[in-house]
Amino acid sequence: MREICEQQENKTLQNSLAERNGVVEERDRIVKERNKLIENVVKLEFLGAKKVKKEKRDSESLQADHATQMMLQESWRLSRQLQTKVCIELNYCDAAFSNIQKALVEACPPDHYAVCSRMRNVSITGLQQICNVRIWKDYDFRKEQVRKELEGRETVPTVTSNLPPHMCKWAHLDEKINEILLIHGTTQDKIDQIASFGFDERLARESGLYGQGVYFTDQSCKSLQYSGANCGHTGCFIVARVILGHPSNAVGPLKSLRVEPLVDETNPCKGRCHSVIAQPGIPNGNGLQKQVHREFVLFDGAQAYPEMVVHFKIS
């Protein structure tokens, strides 16, 4: 009887050990599968992160493409023209296309409608970077002149442009002389002349509302009026670096103006202003109508450097 009990106890113990071993094996299998699953997830996350980093790197490389090139090419402005082309055509894949298109859309004020609203449907069809050493040297020389003329002057108004900084990332603008980016609307037949010789106030039309000068704006819908695109054709803008120096704010039409107005009409010794600004809302001499867009007028073409030619169409 005692032997039978011992046999049953041994059998029960063996069964218990077998069950425990089975549980341990099942646990080890689950742990092994979990570890393998974790390893696979880590691998996928690593590959995903690597892909994201590559895509981000490629995107940043594309976005920085033109700006980086221009930063590297900035040195040409300090040397001779050599064999450098005056107009360099940009590849359509360059990030500058999307940057400038976005900037032009943003440069159309949100409260402007009717004809102005067409600028919100702009598409860039071509970009040319202007690299003209002769014009640049004249511009750089004029910068130094304006800088010296501003020394000691008080209450020089600060002017900013509505054009966003990403339009020309490579441009180092001097805020102290009110150097900003502006747009000049023109037609295709004038592009080569401006790229080769710069802006020439002597060729300006005498009927200009704010004087016989070179006109710019920071509102793309205003430049649209002079771009040649009004008849459904492609149009042209020139993005320019402009030195406004000490600006004079117009209070109405200045059709007889041929040179910059005096800082103080009663004291010519204080010198002249460097530009005229026509702000929206001032009388434009046409009945009760008011000035709609902001315009900037220069009476010395050397105070503007044509940076880039923008070819576009309106859909």
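Above this text is the structure in question.
These numbers come from a predicted model, not from an experiment. (Residues numbered from 1 in each chain as written. Predicted model: local features only at pLDDT ≥ 70, side-chain atom pairs only at ≥ 80, totals over all residues. Heavy atoms only, no water.)

Student: Just checking my understanding: could you explain the overall build of the protein for this structure?
Tutor: When its secondary structure is counted, the protein shows five helices and nine strands. Long-range pairs, those at least 24 residues apart, make up 78% of the contacts in the protein between residues at least 6 apart in sequence. For the protein, the computed accessible surface area is about 18600 Å², with 55% contributed by carbon and sulfur atoms. (Helix = DSSP H or I, 4+ residues; strand = E, 2+ residues; numbered from the N terminus. Contact = heavy atoms within 4.5 Å. Areas by Shrake-Rupley, 256 points an atom, 1.4 Å probe, with all protein chains shown as cover.)

Student: Any chance you could explain the nonpolar core here in plain terms?
Tutor: When a protein is soluble and globular, its nonpolar side chains tend to lie buried together. Counting 30 residues, the largest nonpolar core has L104, M119 and L127 as the members making the most contacts within it. Looking at this core, the elements that each hand over two or more residues are α2 (96–106), β2 (122–130), β3 (179–186), β5 (235–243) and β9 (304–314). Tallying contributions element by element places α2 first for this core, with five residues. Excluding residues within four positions of it along the chain, L127 makes contact with I88, E89, L90, A96, F97, I100, M308, V309 and V310. By size, the runner-up hydrophobic cluster in this structure holds 28 residues, among which are C236, A240, I243 and L244. (Core = buried A, V, L, I, M, F, W, Y, C linked by side-chain atoms within 4.5 Å. Buried < 20%, exposed > 50% of the residue type's maximum accessible area, 1.4 Å probe, protein only.)

Student: Sorry if this is basic, but what is going on with helix α3 (residues 133–150) here?
Tutor: Think of an α-helix as turning once every 3.6 residues; residues three or four places apart then point the same way. Under the 1.5 Å per step criterion, the end-to-end length of α3 is 26 Å for 18 residues, consistent within 8% with the ideal 26 Å. Taken together, the buried positions of α3 are V133, I135, W136, Y139, R142, K143, V146 and L150. Contact partners of the buried residues in α3: β3, α4 (188–197), β5 and β9. Capping the start of α3 is the job of one residue whose side-chain oxygen sits 3.1 Å from the backbone nitrogen of R134: N132. Immediately downstream of α3, the backbone of G152 shows phi near 85°, a positive value. (Expected span 1.5 Å × (residues − 1). Polar contact = N/O pair within 3.5 Å; in protein donor to acceptor, adjacent residues only side chain to side chain.)

Student: Looking at this structure, how should I read the side chain of S275?
Tutor: One can find S275 in strand β7 (residues 275–278). At 2.8 Å, the side chain of S275 forms a polar contact with the backbone oxygen of L244.

Student: Just checking my understanding: could you explain α2 for this structure?
Tutor: If you check which residues of α2 are buried, you get A96, F97, N99, I100, A103 and L104. An end-on view of α2 places all buried positions within 165° of arc, on one side of the element. (Arc of directions from axis to C-beta.)

Student: Is there a simple way to think about the environment of A195 in this case?
Tutor: Structurally, A195 is set in helix α4. A relative accessible area of 2% means that A195 is categorised as buried. For the pair formed by A195 and M308, sequence separation is 113 residues and the distance between their alpha carbons is 8.9 Å.

Student: Would you explain the pairing of β9 in this entry?
Tutor: Within a regular beta strand, the side chains point alternately toward one face of the sheet and then the other, so they alternate between its two faces. Within β9, ten of the eleven residues are buried, leaving the element largely enclosed by the surrounding structure. Both β2 and β9 contribute to a ladder of seven bridges, which runs antiparallel. Residue pairing in the sheet places V122 in a bridge with I314 of β9. Pairing of β5 with β9 involves eight bridges; the strand directions are antiparallel. Bridged to C236 within β9 is H311. (Pairing = 2+ DSSP bridges.)

Student: Would you explain the pattern of salt bridges in this entry?
Tutor: Between side chains of opposite charge, a pair can form when the charged atoms approach closely. Summed over all chains, the structure comprises twelve salt bridges. Between R147 and E144 there is a salt bridge, with its nearest N and O atoms 2.4 Å apart. Taken together, the residues R147 and E144, both in helix α3 and three residues apart, mark about one turn of the helix. Take E144: its relative accessible area is 38%, and that puts it in the partly exposed class. (Salt bridge = Lys/Arg side-chain N within 4 Å of Asp/Glu carboxyl O.)

Student: Can you help me understand unusual backbone geometry in this one?
Tutor: Only a minority of non-glycine residues have a phi that is not negative, and only a minority of peptide bonds are not trans. Backbone geometry at A114 places phi at a positive 55°, although glycine is not the residue there. Tracing the backbone through its elements, the reader meets A114 in the loop between α2 and β2. According to the relative accessible area criterion, A114 is exposed, its value standing at 61%.

Student: Can you walk me through the pairing of strand β4 (residues 214–217) in this structure?
Tutor: Neither face of β4 is exposed, since V214 and F216 on one face and Y215 and T217 on the opposite face are all buried. Direction of pairing for β4 relative to strand β8 (residues 295–298): antiparallel, over a ladder of four bridges. The residue bridging Y215 from the neighbouring strand is V297, located in β8.

Honestly, that's just the spatial picture; any functional story needs more than this.
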